[in-house]
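Structural overview for review
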Amino acid sequence: MVRIRVLVVDDHRIFAESLAAALAAEPDVDVSAAGSGPAALRCLERAVAEGRRFDVLLVDADLGGQLPGGRPAVPVQEGDEEGLVDGMSLVAGVRSVHPAVRVVVLAEKDDPRRAALALQAGACGWVAKDCSLSRLLNVIRGVLRDETHLPAALLTGVLRELTAARKHRTESERLVESLTPREREVLRCMVAGLGRKAVAERLFLSPHTVRTHMQNVLGKLGVHSTLAAVALARRAGVGPVDLTSPSAGDVVERGGQLA
């Protein structure tokens, strides 16, 4: 019998333990539970090290507290100062680091916008927390067959949200394309969270020149703040500059010689 390894991630302990117990009663399901995003990531890493990878994650949509207006999905680095990672960020992080794992979001209520965000982050399904066990098992087995599961009542709204997001992405891409190569480099530094001084040091420019580039970036993108520029850049698929790699002009030793 092929066994399915499931990890329930929910910060409501009673719900997580009850769901895990119900799933564990199935003859072909092995289940564990984690009470936070960081705990879930540790479980995943430990399972990989032990050669017992999880197949499916069931993630609470409101993990770590529901954030007003929804939160853009970003790769998971660390929990915040309280050790929390929100549900959408966890979805994106897991799909980035563990692409073979299927993620299903468990929600208190149907929300087309948040369901669309979950799909964009890499989730394979959106299921109500109060659905029947048989329904949830069908979804778990379905996503392992590469199916995507949404409640029928959400389908129209989710498609509308995804269409709008695609339109916004296209417009964002057009605006980013209007930037010069240097301005795009500055934008990637902004996405990485670097301030003006740090950008200047990395690109070997004066702070005054960096300020001019940043002002040009904001003007061409039609936004009035760095946060808005970063949000638009992410919609356009612009990632952060790699802070682990040497910046332009750095002296690097390779094979005993300076490059």
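In case you missed it, the structure is sitting above this.
Summary of the structure given here. This one's a predicted model, so the numbers in the text were calculated from it and none came from an experiment. (Residues numbered from 1 in each chain as written. Predicted model: local features only at pLDDT ≥ 70, side-chain atom pairs only at ≥ 80, totals over all residues. Heavy atoms only, no water.)

Section: the overall build of the protein chain
Helix and strand counts for the protein chain come out as 10 helices and 7 strands. Summarising the internal contacts of the protein chain: among those between residues at least 6 apart in sequence, 68% fall at separations of at least 24. (Helix = DSSP H or I, 4+ residues; strand = E, 2+ residues; numbered from the N terminus. Contact = heavy atoms within 4.5 Å.)

Section: helix α2 (residues 37–49)
Taking 1.5 Å of rise per residue, the 13 residues of α2 would be expected to cover 18 Å, and the 19 Å separating its terminal C-alpha atoms lies within 8% of that figure. For α2, the set of buried residues is G37, P38, A39, A40, C43, L44 and A47. As for α2, its buried residues are in contact with β1 (4–9), β2 (29–34), β3 (56–60) and α3 (87–97). For α2, the N-terminal cap is S36; the gap from its side-chain oxygen to the backbone nitrogen of A39 is 3.2 Å. Just past α2, the residue G51 takes up positive phi, approximately 75°. (Expected span 1.5 Å × (residues − 1). Buried < 20%, exposed > 50% of the residue type's maximum accessible area, 1.4 Å probe, protein only. Polar contact = N/O pair within 3.5 Å; in protein donor to acceptor, adjacent residues only side chain to side chain.)

Let's talk about the packing of α3 against helix α4 (residues 112–121)
The geometry of α3 relative to α4 is characterised by a closest axis approach of 8 Å and an angle of 20° between their N-to-C directions. Viewed along their axes, α3 and α4 adopt a mutual orientation that is roughly parallel. Considering the relative orientation of α3 and α4, their crossing is right-handed. Each of M88, V91, A92 and R95 in α3 lies in contact with α4, whose residues at this interface are R114, L117, A118 and A121. (Axes fitted to C-alpha atoms, helices over the stretch in contact; angles between N-to-C directions. Parallel < 35°, antiparallel > 145°, perpendicular 65-115°, else oblique. Left-handed = near helix turned anticlockwise from the far one by under 90°.)

Description of the pattern of salt bridges
Note that side chains of opposite charge can pair when their charged atoms are close. Evaluation of the coordinates by the stated rule reveals 12 salt bridges. Measuring nitrogen to oxygen at the nearest pair gives 2.4 Å for the salt bridge that ties E50 to R52. With a relative accessible area of 44%, E50 lands in the partly exposed category. Taking relative accessible area as the criterion, R52 reaches 40% and is therefore assigned partly exposed. Salt-bridge contacts for R102 lead to D146; the nearest nitrogen and oxygen are separated by 2.6 Å. Placement of R102 in strand β4 (residues 102–107) and of D146 in the loop between α5 (133–143) and α6 (152–177) is noted, with a sequence separation of 44 residues between them. Here R102 falls in the buried class, since its relative accessible area comes to 17%. Each member of the salt-bridge network shares a partner with another, and the members are D10, D60, E108 and K129. (Salt bridge = Lys/Arg side-chain N within 4 Å of Asp/Glu carboxyl O.)

With respect to the packing of helix α7 (residues 181–191) against helix α9 (residues 207–221)
It is the contact of α7 with α9, at a shortest axis distance of 9 Å, that shows an interaxial angle of 95°. Between α7 and α9, the angle falls in the class roughly perpendicular. Residue-level inspection shows R182, E183, V186, L187 and M190 of α7 in contact with α9, the latter providing H213, M214, N216, V217, L218, K220 and L221. Its residues assigned to classes, the contact of α7 with α9 shows 7 nonpolar, 2 polar and 3 charged. (Nonpolar A, V, L, I, M, F, W, Y, C, P; charged D, E, K, R; others polar.)

Some remarks on unusual backbone geometry
Despite not being glycine, D146 has its phi angle at roughly 65°, a positive value. One non-glycine residue, F204, adopts positive backbone phi at about 55°.

What to know about the nonpolar core
Core analysis: the biggest nonpolar cluster contains 30 residues, and L7, V9, L57 and W126 have the highest contact counts within it. When residues no more than four places from it in sequence are discounted, the contact partners of L7 are S32, A33, A34, A40, C43, L44, F54, V56, L57 and L58. (Core = buried A, V, L, I, M, F, W, Y, C linked by side-chain atoms within 4.5 Å.)

Some details on the packing of aromatic side chains
The final tally for this structure, using the stated rule, is 0 aromatic pairs. Cation over ring: R5 sits above F54, and NZ or CZ is 4.3 Å from the ring centre. We note K129 situated over the ring of F15; from NZ or CZ to the ring centre the distance is 4.6 Å. (Phe/Tyr/Trp six-rings, centres within 6.5 Å; stacked < 30°, edge-to-face > 60°. Lys NZ or Arg CZ within 6 Å of the ring centre and 35° of its normal.)

Comments concerning the environment of V29
You can see V29 is positioned in strand β2. Classification of V29 as buried rests on a relative accessible area of 4%. Separated by 27 residues in sequence, V29 and V2 place their C-alpha atoms 8.9 Å apart. Aside from chain neighbours lying at most four places away, what touches V29 is R3, I4, V6, L23, A24 and L137.

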